[in-house]
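Examining the three-dimensional arrangement
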Amino acid sequence: MPSGSAHTFGNLPGPQNTGIFRAAVVKIDITPDQPKMLLGYNARQSTGVHDRIYHRIVVLNDGTTEFCLVSSDICVISPSEYDHLASLLYQQLGIAPENFWWTLTHTHSAPEVGVPGLPEVFMGERYKHPVDTAYTHFVEQKIIEGIKQARKQLVKAKLGVGWGHSNANINRRAIDVNGKAGLGMNPDGAVDKKIGLIRIDKEDGSPIALISNYAIHGTALGAPNLQISGDVPGIVADYVEEKLGVPMLFINGAAGNIAPIYSTYPNPGAARLSQFRVLLGDKILEANKSITATIDQVNIFASKLIIETPRKENLNWPSDLGNYSRSIGNGKNLVRLPVGFLKINHDIAIWSLPVELFCEISNEIRDKSPYPYTFYYGYTNGWLGYLPTAAEFKHGGYEVETVSPYTVEAEADVIEGVMNYLQGELRNKISADRVSVNRPSLIVPDETGVLELTAEKGKGIGTDIKYMPEWKAFGWFRNKDKIEWEIAPREEKEYSVILEWSVSDEDAGKSFILESKKDRIIGEVGKSGSWETFASEKIGTIKLKPGKQKIIFKPYKDFDPKQALLDLRKIIFVPVGQK
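The rules we used
Per-chain numbering applies: the sequence of each chain, read as written, is numbered from 1 onward. In view of the model being predicted, local features appear only for residues whose pLDDT reaches at least 70, and side-chain atom pairs are presented and counted only at 80 or more, with totals across whole chains, interfaces and linings using the full set of residues. Side-chain numbers come from the whole structure's heavy atoms, not from hydrogens or water. In this text, helices come from DSSP runs of H or I with a minimum length of four residues, and strands from runs of E with a minimum of two, each type numbered from the N-terminal end. Burial classification: accessible surface area is computed with a 1.4 Å probe over protein chains only, and a residue below 20% of its type maximum counts as buried, one above 50% as exposed, and the rest as partly exposed. Contacts between residues were defined by any pair of non-hydrogen atoms, one from each residue, lying within 4.5 Å. Calculation of accessible area relied on Shrake-Rupley with a 1.4 Å probe; when residues are assessed, cover is drawn exclusively from the protein chains displayed. A positive count includes Lys and Arg, and a negative count includes Asp and Glu. His and the chain ends are not counted in either. For charged residues, the charge sits on one atom: NZ in Lys, CZ in Arg, CG in Asp, CD in Glu. Each axis is a line fitted through C-alpha atoms, and for a helix only the stretch in contact is used; angles between axes span 0 to 180 degrees, taken between their N-to-C directions. The scheme is simple: roughly parallel for angles under 35 degrees, roughly antiparallel for over 145, roughly perpendicular for 65 to 115, oblique for anything else. Working rule for handedness: look at the near helix, and if it is turned counterclockwise from the far one by less than a right angle, call the crossing left-handed; if clockwise, right-handed. Gly is placed with the polar residues, together with every amino acid not listed as nonpolar (Ala, Val, Leu, Ile, Met, Phe, Trp, Tyr, Cys and Pro) or charged (Asp, Glu, Lys and Arg). When DSSP locates at least two bridges between a pair of strands, those strands are taken to pair. Throughout, the protein atoms alone are placed on a 1 Å grid, and a set of points is a cavity if a 1.4 Å probe fits but cannot get out or a pocket if it is open with protein on both sides within 12 Å along at least five of seven lines; lining residues have an atom within 4 Å of a point. Grid points are joined across faces, edges and corners, and a volume is the space filled by probe spheres set on the points. Handedness of a crossover is defined as follows: orient the strands so they point away from the viewer, and if the path from the first strand over the helix to the second runs clockwise, the crossover is right-handed. Within 6.5 Å between ring centres, the rings of Phe, Tyr and Trp (the latter by its six-membered ring) count as paired, and their orientation is classed by plane angle as stacked under 30 degrees, edge-to-face over 60, tilted in between. By nonpolar core is meant a set of buried Ala, Val, Leu, Ile, Met, Phe, Trp, Tyr and Cys residues that side-chain atoms within 4.5 Å join together. Basic side-chain nitrogens of Lys or Arg form a salt bridge, by our definition, when they fall within 4 Å of a carboxyl oxygen of Asp or Glu. Helix span, as expected, comes to 1.5 Å for every residue beyond the first.

A look at the overall build of the protein chain
Of the regular secondary structure elements, the protein chain holds 8 helices and 34 strands. Overall size of the protein chain, expressed as C-alpha extent along the three principal axes, is 80 × 55 × 50 Å. Here the protein chain holds 579 residues, and 60% of them are scored as buried. Within the protein chain, counting contacts between residues at least 6 apart in sequence, those at least 24 apart form 78% of the total. With the model as given, the accessible surface of the protein chain reaches about 22,200 Å², and the carbon-plus-sulfur share is 48%. Both charge centroids of the protein chain, one from 65 positive and one from 69 negative side chains, sit 4 Å from each other.

Here's what the structure looks like:
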């Protein structure tokens, strides 16, 4: 890069060894304009709208990593629906799946989205009607549009974190004299009343967005209600937004056994829906006031872990969820649970699951975690049923007997897997990952067929080009320089090509060429905002044949040798049409 100022960040130790932290938020209306089948109780169709429903999207970028968090006023989706959208985002925007979390508020008064997935196995009578492909496509496209819009609106930002408390929820596993559980109220049962808050501010201290994490079922409204509504999460988010003037992402927690204190009423008035603005909304606002310190030196790291745990015997499995189960012979199967992790600096650890988790599990992990701010984001990236504690199996009930694919071993498997990762591998992330070395090496497709041509594995050729470990990128890219990678695709395919780069606005606009032996892409280097600000964008498609070959990236036309083309971090090849 021609501007030496960018290198000053690389000379700073620890969490400062990063670029500029930027953030943006977008709120997009996804309320349908016609009746829709609602998800959450029996099959029923909406007759109107009580309150509008939304995607709320936050994009975080620390100069090295971009992370996209979406909160949608939807009940549940199949993990295959998340996989489909994650694939589209990877192909179109270069966002790796581990850096995209789609969380659902779990309102039971919003339309169905995508194929039913596992719920159809448990409650097939609810899904005799066709999948609403038009509304599903609308929901997907609004997320893609929202992330694109947020990227354009990124500004320098600060981040703060804090805790709050609310009594708006209650354990819903009522135990009868025979020891059996039923849906009701259990004031003596386990509950999680903590509010976990992350606030994103502008440089001047004015807010950009609030992210609020609280465990509560979206079931203040019951099956008789036919009006579209965000239920408690939506009403509370709207109220806090009215007070703060910025969007609030409501992120549900371990609400598998937690209900709102007013539950399953036939209409908003009977459900006292407006009272949750006080019961929970005001508590979020109070907790927000306690966040008095925000910082602009922010590092983020996202990853995924697969935890395998036994699946109930004789349980059918949806055809769209083949990646989420594994046979071990003799008629026995395992559920493959994808656990997401997001680490922010050295004090915030967020983990997520596509399940309805019992709160005792997340409470224990939070209590044992080495991170002072450990949050659990539930209903994230799909729905793979209820995951109860081992102790609750003896009480049976809806959550254990009807809608869970797990055995008594699941609790221990999850706690062991998550705690080992939190206490082990995750603790070394960020600081260790920032130190990178350029080692040209053969690049092979990952398990999904994606080829990731990182600067670390490329060979810089020329008199000026340099590898910058603090940025994991090639810089000082002059007019006679180029980068070569050696790759080995397994089969002939067409790929979407995503470029991740940075450049000052003044130096943008120069032409480049990306070429293989048989194909090429010619384009212009777009603006990223600054040399310290990396962006990613699809630059075209290219066809590759199988076997070892070279990929070359270089200037297409000559330019002033005192100027630079760009800083290049990576080029991603995503198979076209990949699911």
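Here the narrative resumes.
Focus: the packing of helix α6 (residues 359-368) against helix α8 (residues 410-423)
Direction vectors running N to C along α6 and α8 enclose 25 degrees, while the axes themselves pass 10 Å from each other. Considered as vectors, α6 and α8 are oriented roughly parallel to each other. Remark: the crossing between α6 and α8 carries right-handed chirality. In contact with I361, E364, I365 and K368 of α6, α8 contributes E411, V414, I415, V418, M419, L422 and Q423. For the contact of α6 with α8, the per-class residue count stands at 7 nonpolar, 1 polar and 3 charged.

Considerations on the sheet that holds strand β13 (residues 207-214)
Within the open sheet, the 8 strands sit side by side as β7-β6-β5-β1-β9-β12-β13-β15. Their pairing is mixed. Among the strands making up the open sheet, the edge pair consists of β7 (100-104) and β15 (248-252). When strand polarity is set aside, the average angle formed by the axes of neighbouring strands in this sheet is 25 degrees. Sheet topology places strand β12 (residues 194-202) next to β13; 6 bridges connect them, and they run antiparallel. Its bridge partner lying in β13, R199 is registered against L210. Across the sheet, helix α4 (residues 231-244) touches β1 (22-29), β5 (54-61), β13 and β15, and the angle it forms with β15 is around 150 degrees.

A closer look at empty space enclosed by the protein
For the structure shown, the criterion picks out 3 cavities of 30 Å³ or more. Lining the largest cavity are 16 residues, and of these D192, N213, R366, F375 and Y376 sit closest to its centre. Secondary-structure elements contributing two or more residues to the lining of the largest cavity are β12, β13, α6 and β22 (373-377). Taken together, the residues of the lining of the largest cavity break down into 8 nonpolar, 5 polar and 3 charged. Taken as a whole, the second largest cavity holds about 40 Å³ of empty space. Looking at the second largest cavity, the residues that line it are L60, F67, L69, I198, I211, L342, I344, I350 and Y377. At the level of elements, β6 (66-72) and β19 (332-344) are the ones that each hand at least two residues to the lining of the second largest cavity.

Quick look at the pairing of β7
The buried count for β7 comes to 5 of 5 residues, which makes it a mostly enclosed element. On β7, burial covers both faces: F100, W102 and L104 on one face and W101 and T103 on the other are all buried. Summarising the sheet, β6 and β7 pair through 5 bridges and their orientation is parallel. Within the sheet, the bridge partner assigned to L69 lies in β7 and is W101. Taking the sense of rotation as the criterion, the β-α-β connection linking β6, helix α1 (residues 79-93) and β7 turns out right-handed.

Let's talk about the packing of aromatic side chains
For the structure shown, the criterion picks out 17 aromatic pairs. Here the aromatic rings of W351 and Y376 are separated by 4.5 Å at their centres, their planes lie at 50 degrees, and the arrangement is tilted. One end of the pair, W351, is in strand β20 (residues 348-352); the other, Y376, is in strand β22, and 25 residues separate them in sequence. Here W351 falls in the buried class, since its relative accessible area comes to 1%.

A word on the nonpolar core
In this structure, F100, W102, I147, L337 and W351 are the most contacted members of the largest nonpolar core, which totals 79 residues. Take this core: its biggest share by element is 7 residues, from α8. Within the second largest apolar cluster, 33 residues are counted, among which are F474, I483, V525 and A564.

Re the pattern of salt bridges
For the structure on display, the rule yields 26 salt bridges. Ionic pairing is found between E392 and R173, a salt bridge with its closest N-O pair at 2.8 Å. Taken together, the positions of E392 in the loop between β23 (386-387) and α7 (398-402) and R173 in strand β10 (residues 169-175) put the pair 219 residues apart, joining distant regions of the chain. Among the salt bridges present, the one from R199 reaches D201, with a minimum N-O distance of 3.0 Å. Neither R199 nor D201 differs from the other in exposure class; each is buried. One network of salt bridges, in which partners are shared, links K27, R56, D73, D238 and E241.

Describing α4
Between its first and last C-alpha, α4 extends 20 Å over 14 residues, near the 20 Å set by a 1.5 Å rise per residue. Buried residues of α4: D231, V232, P233, G234, I235, V236, A237, Y239, V240 and E241, and no others. The secondary structure elements touched by the buried residues of α4 are β1, β5, β13, β15, β16 (258-260) and α5 (276-289). Count one or two residues on from α4 and you reach G245, which has phi positive near 80 degrees.

Quick look at the packing of α4 against α5
For the pair α4 and α5, the least separation of the axes is 9 Å and the interaxial angle reads 45 degrees. With respect to their mutual orientation, α4 and α5 come out oblique. Between α4 and α5 lies a crossing whose hand is right-handed. Contact residues: V232, I235, V236, Y239, V240, K243 and L244 in α4; F276, R277, L280, G281, D282, I284, L285 and N288 in α5. Taken together, the residues that form the contact of α4 with α5 break down as 10 nonpolar, 2 polar and 3 charged.

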